[in-house]
Amino acid sequence: MTAFQDSTVAAPAEPSARPVPAEPAPARWARLRGPAAFTAVAVLMLVVAPLALEPFRLGLLAKYLCYAIVALGIGLAWGQGGMLTLGQGVFFGLGGYAMGMYLKLHDAGGDLPDFMVWSGVDHLPALWRPFGNPVFALAMVVVLPVAVALLLGVLVFRQRVRGAYFAILTQALAAALVILLVGQQGLTGGTNGLTNFFDFFGNDVAADGTQRGLYVLVAAVLGVLYLGARQLVRSRFGRLLLAIRDGEDRVRFLGYDPAAVKTVTFAISAGMAGIAGALFVPVVGIISPALLGVVPSLELVVGVAVGGRYALAGAVLGAVVMGYAKTYFSEELPEAWLYLQGALFILVMTLAPKGLTGLAATLWRSVTRRRAAA
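The biggest cluster of nonpolar side chains holds 81 residues, and the ones touching the most others in it are I69, L72, L194 and F266. Top contributing element to this core by residue count: helix α2 (residues 55–80), with 16 residues. Residue contacts for F266: discarding those within four places in its chain leaves M83, T85, Q88, F91, A149, L152, F157, F166 and T170. Counting residues in each nonpolar core, the second largest holds 5 residues, with L240, L241, V251 and V261 among its members.

On to helix α13 (residues 337–351), then. The end-to-end C-alpha distance of α13, which contains 15 residues, comes to 21 Å, matching closely the 21 Å that a straight helix rising 1.5 Å per residue would cover. Three or more residues of α13 are buried, namely W337, Q341 and V348. Taken around the axis of α13, the buried residues stretch over an arc of 45°, which confines them to a single face. Opposite the packed face of α13, turned more than 90 degrees from it, sit the exposed residues L338, Y339, I346, T350 and L351. Against α11 (294–307), α12 (312–332) and α14 (355–373) lie the buried residues of α13.

Here we take up the pattern of salt bridges. Where charged atoms of side chains with opposite charge meet at close range, the side chains can pair. Here the structure, examined in full by the defined rule, presents 10 salt bridges. One salt bridge connects E248 with R162, and the closest N-O pair in it is separated by 3.0 Å. Remark: R162 occurs in the loop between α5 (134–157) and α6 (164–183) and E248 occurs in helix α9 (residues 236–253); sequence separation between them is 86 residues. In this structure, the salt-bridge partner of E299 is K326, at a minimum N-O distance of 3.3 Å. Pair noted here: E299 is in helix α11 and K326 is in helix α12, with a separation of 27 residues, a long-range link. In the salt-bridge network here, residues are joined through shared partners; they are R162, E248, D249, R252 and K262.

Turning our eyes to something else, we now look at the environment of L351. For L351, the position within the fold is in helix α13. C-alpha of L351 to C-alpha of A220: the two residues are 131 residues apart in sequence and 33 Å apart in space.

Our next topic: the confidence of the model for the chain. Taken over all residues, the pLDDT of the chain has a mean of 87, while the share at 70 or more is 91%. Element-level pLDDT for the chain is lowest in helix α1 (residues 25–52), with a mean of 77, against a maximum mean of 96 in helix α10 (residues 258–284). In this model, residues 1–12 is a region of pLDDT below 50 whose contacts with residues beyond four sequence positions or in other chains number 2 contacts.

Okay, the packing of aromatic side chains next. Within this structure, the stated rule accounts for 14 aromatic pairs. Seen from their ring centres, F157 and F266 are 6.2 Å apart, and the 85° between their planes marks the pair as edge-to-face. With F157 in helix α5 and F266 in helix α10, this pair connects stretches of sequence that are 109 residues apart. The burial state of F157 is the same as that of F266; both residues are buried. Every member of this aromatic cluster is reached through a ring pair, and the members are F91, F157, F166 and F266. It is K104 that lies over the ring of F197; its NZ or CZ is 5.8 Å from the centre.

Between helix α8 (residues 208–234) and α12, the least distance of the axes is 10 Å, while the angle of their chain directions is 150°. By the angle between their directions, the pair α8 and α12 is classed as roughly antiparallel. Note on element contacts: α12 touches α8 through L312, A313 and V316, opposite L222, Y226, A229, R230 and V233. Looking at the contact of α8 with α12 residue by residue, the classes come out as 7 nonpolar, no polar and 1 charged.

Let's shift gears to unusual backbone geometry. In this structure, N196 is a non-glycine residue whose phi angle is positive, near 60°. Despite not being glycine, F201 shows a phi value in the positive range, around 50°. Tracing the backbone through its elements, the reader meets F201 in the loop between β2 (199–200) and β3 (203–204).

Reading the values: the criteria
- Residues numbered from 1 in each chain as written.
- Predicted model: local features only at pLDDT ≥ 70, side-chain atom pairs only at ≥ 80, totals over all residues.
- Heavy atoms only, no water.
- Core = buried A, V, L, I, M, F, W, Y, C linked by side-chain atoms within 4.5 Å.
- Buried < 20%, exposed > 50% of the residue type's maximum accessible area, 1.4 Å probe, protein only.
- Helix = DSSP H or I, 4+ residues; strand = E, 2+ residues; numbered from the N terminus.
- Contact = heavy atoms within 4.5 Å.
- Expected span 1.5 Å × (residues − 1).
- Arc of directions from axis to C-beta.
- Salt bridge = Lys/Arg side-chain N within 4 Å of Asp/Glu carboxyl O.
- pLDDT = per-residue confidence, 0-100.
- Phe/Tyr/Trp six-rings, centres within 6.5 Å; stacked < 30°, edge-to-face > 60°.
- Lys NZ or Arg CZ within 6 Å of the ring centre and 35° of its normal.
- Axes fitted to C-alpha atoms, helices over the stretch in contact; angles between N-to-C directions.
- Parallel < 35°, antiparallel > 145°, perpendicular 65-115°, else oblique.
- Nonpolar A, V, L, I, M, F, W, Y, C, P; charged D, E, K, R; others polar.

Okay, here's the thing in structure tokens:
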């Protein structure tokens, strides 16, 4: 009788269970460092800042955070996807004008907005009528920028336009939008844009309580969008986006469609800019062509580069730092601000090509190695 037929043969013994080794402290800290930093910043922005800052300074910080939302989209498109977009002011303006049109119609109470009366317009243009509905206006804040970005992406990326050519194209789009807005005085307010907002969904825009509430709203939206963008970058889509940035032709040879990935990413960044523009309107109280042109778009890109375009947190940090520096030096040295801005950009790009976050990461690794060697 064989062993397979003998029922008395004992089954092989189960291997003894081995204890799972505990996670090393450095690895555990590295895993928790990101959530801990985000939580600390969230508490600082949502709790400490509203209590510590006076209404004027809090309003300035809210404006910087609006720019940070745009910068987050630039960091996603440029830093992660390699698409240098110099025309985010276009999408910022579309979202801002969509919100501004609703607020002006709401303040008018069924009459014509004030600038139309001054411009001799005798009836409400058909383009304005749907924006009297708050749901439609809020939807257009995102739909309009995304639709324009999708159309532009399909036309451009399918033709494999990239690099400097794509940057110049987006820059030209921003210049064209400014010319269009300035030339339509009775429709868009012309050079002055839309201003003199009084009510924001039943709240007095100028009241301190409303401004504090708007600040909290802006900070919360920035946090949600940052978490969403971070999750996107860590997903399979994000890894494909990074591969396209580093070698688009290789990705295409592997059977993927880089044009589709870049178009979707560009549209997401445009939607973020539209949301930022809509929040900017009640926070600052104006939306005009001067805020949407080539120069404001370039300043946002400079901020992303200074903060570190390869890290989403760097893009946000750079926008806030550049916004604060512009305000500070404009108050202290108004004639020298542009020179200081250029010097700051050159200094950071020379000493830290990966921006402030890249410099901080390098210093942290250096300190960690010294501690390990000690």
